[in-house]
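Summary of structural features
Here's the letter readout for the chains.
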Amino acid sequence: MGLSGSPRRRGNTEQLLDRFLEGALDAGGLVEKVILTQLEYPSCRGCNACHKTGSCIMDDAVRELYDKLLAADCIIVSSPIYTMGITTELKSFIDRAHYLWVRFFVLGTHIISPEEKVLRRGYFLSTAGMDQENVFDTAYPMLKALFNILGFTHCAGVLARNMDGYGGITGHPTALDDAYRIGNEAVRGIMAGLPCIEQIKK
């Protein structure tokens, strides 16, 4: 399952996601891409009703999508970096996962064992215009939270900075090929029952 959190269609980050999914498909995987801007859903209300039931009171496209993500073997979350952070679209979607956090950490009704989690792969793909070494740093805590809530191991994806300097993702010397390779290796590893080798610990 690939999620595009960019408000711009067919931009740098979505092209990265497409190449990852292409590599996964060529390895024999079943792939699906979801464009978050095409879904209609409100932000989390912070009402905490889910603390009693483990369910969100808003029965909408977000809940349907989270059901799909929970059932997937691999999820790929993509977002460009805007003003040193992930997009509003992706942040709002992550906030809506709070009811799943409640199930896992409060009610104990959504338990994915460590043995299961190590074989479930989560990847983050991102691009940034700036050529600044720490430009992706603020994204890590949010992606770590999402992957932990859903029960996925955070595997190393593709982070491509200096898009302004390269003139876009197609000018980057390795990013698109890296995305294809990682997508291909992800499916092959999952089929072989192997965990990802390079994991993100931040």
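Before reading further, recall that the structure is shown in the block above.
All of the points below concern the structure found in this document. Fair warning: this is a prediction, and the values are worked out from it, not measured in the lab. (Residues numbered from 1 in each chain as written. Predicted model: local features only at pLDDT ≥ 70, side-chain atom pairs only at ≥ 80, totals over all residues. Heavy atoms only, no water.)

Quick look at the overall build of the chain now. Counting its secondary structure elements, the chain contains 9 helices and 5 strands. Reading the chain from its N end, one meets helices and strands in the order β-α-β-α-α-β-α-α-α-β-α-β-α-α. Over its C-alpha trace the chain gives a radius of gyration of 16 Å, about what one expects of a compact globule, namely 17 Å for 202 residues. Dimensions of the chain along its principal axes, counting C-alpha atoms only, are 50 × 40 × 30 Å. Summarising the internal contacts of the chain: among those between residues at least 6 apart in sequence, 81% fall at separations of at least 24. On the chain, roughly 9,800 Å² of surface is accessible, and the fraction owed to carbon and sulfur atoms is 51%. When the 21 positive and 23 negative side-chain charges of the chain are each reduced to one mean point, those points stand 4 Å apart. (Helix = DSSP H or I, 4+ residues; strand = E, 2+ residues; numbered from the N terminus. Rg over C-alpha atoms; globule rule 2.2 N^0.38 Å. Contact = heavy atoms within 4.5 Å. Areas by Shrake-Rupley, 256 points an atom, 1.4 Å probe, with all protein chains shown as cover. Lys, Arg positive; Asp, Glu negative; His and termini not counted. Charge placed at Lys NZ, Arg CZ, Asp CG, Glu CD.)

Scanning all chains against the criterion turns up 1 disulfide. Free cysteine: C56, not disulfide-bonded; nearest cysteine sulfur from C50 at 6.8 Å. (Disulfide = S-S within 2.5 Å.)

Right, let's get into the environment of T153. Position of T153 among the secondary structure elements: in strand β5 (residues 153-160). As for T153 and E116, which are separated by 37 residues in sequence, their C-alpha atoms are 9.6 Å apart. Once residues within four sequence positions are removed from consideration, T153 is found in contact with K117, V118, R120, R121, G122, C196 and Q199.

Before going further, it helps to examine the pairing of β5. The element β5 is largely enclosed, with a buried count of 6 among its 8 residues. Strand direction decides the pairing type here: strand β4 (residues 121-127) and β5, joined by 6 bridges, are parallel. Along β5, the bridge assignment pairs L125 with V158. Since β4 and β5 lie parallel, the crossover through helix α7 (residues 139-150) that links them has a hand, and here it is right-handed. (Buried < 20%, exposed > 50% of the residue type's maximum accessible area, 1.4 Å probe, protein only. Pairing = 2+ DSSP bridges. Right-handed = clockwise from strand over helix to strand, strands pointing away.)

Before going further, it helps to examine the side chain of S6. By the secondary structure assignment, S6 is in the loop between β1 (2-4) and α1 (12-26). For S6, the side chain forms a polar contact with the main-chain nitrogen of R8, separated by 3.1 Å. Not counting chain neighbours up to four residues away, the residues in contact with S6 comprise T37, S78, P80, Y82 and T87. (Polar contact = N/O pair within 3.5 Å; in protein donor to acceptor, adjacent residues only side chain to side chain.)

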